[in-house]
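Spelled out, the chains give:
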Amino acid sequence: MTGSGFPDDTRGVYQFENASVLNAYDTFTKRTGISQMLRANYAYHSRYLFTFTMRRDGDSVFGKGNKYGTFPLVALGWNMEQEEFFRGWEFLDRSKLRISYGKNGNQDILPYSTLATMQEQYYPDGEGNSLPGFYVNKLADTSLTWEKTRQFNAGWDYLFLKGHIAGSFDLFYTSTYDLLLDKTIPDINGATSIQQNVGKTKSNGIEIGISTQNIRTRNFEWTTDLTLAHSKNRIVHVGLYDENGKPADNVANKWFIGKSIRAVYDYKFDGIW
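A brief look at the structure comes next. (Residues numbered from 1 in each chain as written. Predicted model: local features only at pLDDT ≥ 70, side-chain atom pairs only at ≥ 80, totals over all residues. Heavy atoms only, no water.)

### Some details on the overall build of the chain
Then, number 1: Looking only at helices and strands, one finds zero helices and 14 strands in the chain.
Then, number 2: Along the chain, helices and strands appear, N-terminal first, in the series β-β-β-β-β-β-β-β-β-β-β-β-β-β.
Then, number 3: Along the first, second and third principal axes, the C-alpha set of the chain runs to 100 × 70 × 60 Å.
Then, number 4: Considering only residue pairs separated by 6 or more positions, the chain has 52% of its internal contacts joining residues 24 or more positions apart.
Then, number 5: For the chain, the exposed surface amounts to about 19400 Å²; the carbon and sulfur share of it is 55%. (Helix = DSSP H or I, 4+ residues; strand = E, 2+ residues; numbered from the N terminus. Contact = heavy atoms within 4.5 Å. Areas by Shrake-Rupley, 256 points an atom, 1.4 Å probe, with all protein chains shown as cover.)

Right under this line is the structure:
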């Protein structure tokens, strides 16, 4: 609720009964979700580790028949320090190799995104009166579904010198498809954009982390943490193809094949004359 036309401002917002004009607004949204997960773990002599996970998630924001997504994960681990040939390496406290491959989903859209919406628009009649009207300002797409990501990860965890040096080394490769994006369309459709599952991107990178325990006494402790990371993402396709069947750029949305999805695109600046 908003109010205006107060006689003074001495009571701040605690004087709605003194407002000469009051306007009230209301809204209602409903969103429901459900998830199931199955996980199996197996360890052989604390050396070889296996994990399998299966998720099934549902969200009401998607269209009928597209509300559910299934997302599996498989991970393997090897605690190398448990092997006989590592027993003589006294400086090595922990050395674990791991590898995983999995699929995940993204449902980060607003409720009712699959439905067409209307906006109020007043217009005058022949006698100068204002009459209420409506027009469609968003198109429906009941095929909207989960954005999906496949990721491969390989890593190494280590611990040296009785915990004084620890860290990890990770390599990853990610492929994301059916992206939830607002696609620009000609306004002859009655709207200038529509939310759809569009295109595919991929990214890869490396991350290195190291922690050192430099000094540790009863009254003083000094540790150092350092993380280095580098990643690159690029567009594979945006659902458009040229006459040769090759993926084509979507200039209207500023999506370019081989470039970042957030690439800056504008006119070249030649200076001020």
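### Here we look at the nonpolar core
Then, number 1: Counting seven residues, the largest nonpolar core is built from Val61, Phe62, Phe71, Ile109, Leu144, Trp146 and Leu180.
Then, number 2: When sequence neighbours within four positions are dropped, the list of residues in contact with Leu180 reads Phe62, Asn106, Gln107, Asp108, Ile109, Leu144, Thr145, Glu147, Gln196 and Asn197.
Then, number 3: Within the second largest apolar cluster, six residues are counted, among which are Leu181, Val198, Ile235 and Trp255. (Core = buried A, V, L, I, M, F, W, Y, C linked by side-chain atoms within 4.5 Å. Buried < 20%, exposed > 50% of the residue type's maximum accessible area, 1.4 Å probe, protein only.)

### With respect to unusual backbone geometry
Then, number 1: The backbone of Asp178 sits at a positive phi, close to 55°, despite the residue not being glycine.
Then, number 2: In this structure, Asp178 sits in strand β12 (residues 165–184).
Then, number 3: Using a relative accessible area of 27% as the deciding quantity, one classes Asp178 as partly exposed.

### Considerations on the side chain of Glu147
Then, number 1: Within the element layout of this structure, Glu147 appears in strand β11 (residues 147–160).
Then, number 2: Buried and without a salt bridge, Glu147 has Arg262 as its closest oppositely charged side chain, separated by 8.3 Å.
Then, number 3: Side-chain polar atoms of Glu147 contact the backbone nitrogen of Leu180, separated by 2.8 Å.
Then, number 4: Look past the residues within four positions of Glu147 in its chain and what remains in contact with it is Asn104, Gly105, Asn106, Thr176, Tyr177, Asp178, Leu179, Leu180 and Asn197. (Lys, Arg positive; Asp, Glu negative; His and termini not counted. Salt bridge = Lys/Arg side-chain N within 4 Å of Asp/Glu carboxyl O. Polar contact = N/O pair within 3.5 Å; in protein donor to acceptor, adjacent residues only side chain to side chain.)

### Some thoughts on a nonpolar patch on the surface
Then, number 1: On the surface, a cluster of nonpolar side chains totalling about 940 Å² of accessible area is made up of Tyr42, Tyr44, Tyr48, Phe50, Val74, Leu76, Ile99, Tyr101, Phe152 and Tyr173.
Then, number 2: Elements with a minimum of two residues in the nonpolar patch: β3 (33–44), β4 (48–59), β5 (68–79) and β6 (92–106).
Then, number 3: Locating Tyr173 in the fold gives a position in strand β12.
Then, number 4: What makes Tyr173 partly exposed here is its relative accessible area of 37%. (Patch = residues over 30% accessible without salt bridge, like charges linked within 9 Å, V, L, I, M, F, W, Y side chains within 5 Å.)

### Structural notes on the sheet that holds β4
Then, number 1: Sheet architecture is open: eight strands sit in the order β3-β4-β5-β6-β11-β12-β13-β14, paired in antiparallel fashion. On the outer flanks of this sheet lie β3 and β14 (221–237), each paired with one strand and no other. Ignoring which end each strand starts from, the neighbouring axes of this sheet average 10° apart.
Then, number 2: By the bridge criterion, eleven bridges tie β4 to β5 in an arrangement that is antiparallel. Within β5, the position partnered with Thr51 by the bridge is Ala75. (Pairing = 2+ DSSP bridges. Axes fitted to C-alpha atoms, helices over the stretch in contact; angles between N-to-C directions.)

### A look at the packing of aromatic side chains
Pairs of aromatic rings are described using the distance from one ring centre to the other and the angle between the two planes.
Then, number 1: According to the stated counting rule, one finds seven aromatic pairs in the structure shown.
Then, number 2: Plain terms: the ring middles of Tyr158 and Phe160 are 5.6 Å apart, the flat faces sit at 40° to each other, and that makes the pair tilted.
Then, number 3: Grouping aromatic residues by their ring pairs yields a cluster made of Phe62, Phe71 and Trp146.
Then, number 4: When the ring centre of Tyr68 is taken as reference, the NZ or CZ atom of Arg56 above it lies at 4.1 Å. (Phe/Tyr/Trp six-rings, centres within 6.5 Å; stacked < 30°, edge-to-face > 60°. Lys NZ or Arg CZ within 6 Å of the ring centre and 35° of its normal.)

### As for the pairing of β11
Consecutive residues of a regular strand have side chains that alternate between opposite faces of the sheet.
Then, number 1: The sheet contact formed by β6 and β11 spans 14 bridges and is antiparallel. Each bridged residue has a counterpart across the sheet, and for Leu92 the counterpart in β11 is Phe160.
Then, number 2: Bridging between β11 and β12 involves 13 bridges; their strand directions are antiparallel. Looking at β12, one finds that Arg150 is bridged to Ser175.
Then, number 3: In sequence, β11 turns back onto β12 through a hairpin of four residues, with Leu161 there showing a positive phi of about 50°.

### Remarks on the pattern of salt bridges
Then, number 1: For the structure shown, the criterion picks out eight salt bridges.
Then, number 2: Taking the shortest distance from any N to any O, the salt bridge between Arg98 and Asp157 comes out at 2.8 Å. With Arg98 in strand β6 and Asp157 in strand β11, this pair connects stretches of sequence that are 59 residues apart.
Then, number 3: Overall, the relative accessible area of 22% leaves Arg98 in the partly exposed class.
Then, number 4: Asp178 is the partner of Lys148 in a salt bridge, and the nearest nitrogen-oxygen pair spans 3.0 Å. Of the two residues, Lys148 is situated in strand β11 and Asp178 in strand β12; the sequence distance between them amounts to 30 residues.
Then, number 5: Here the residues in one salt-bridge network are Arg98, Asp157 and Asp170, joined through shared partners.

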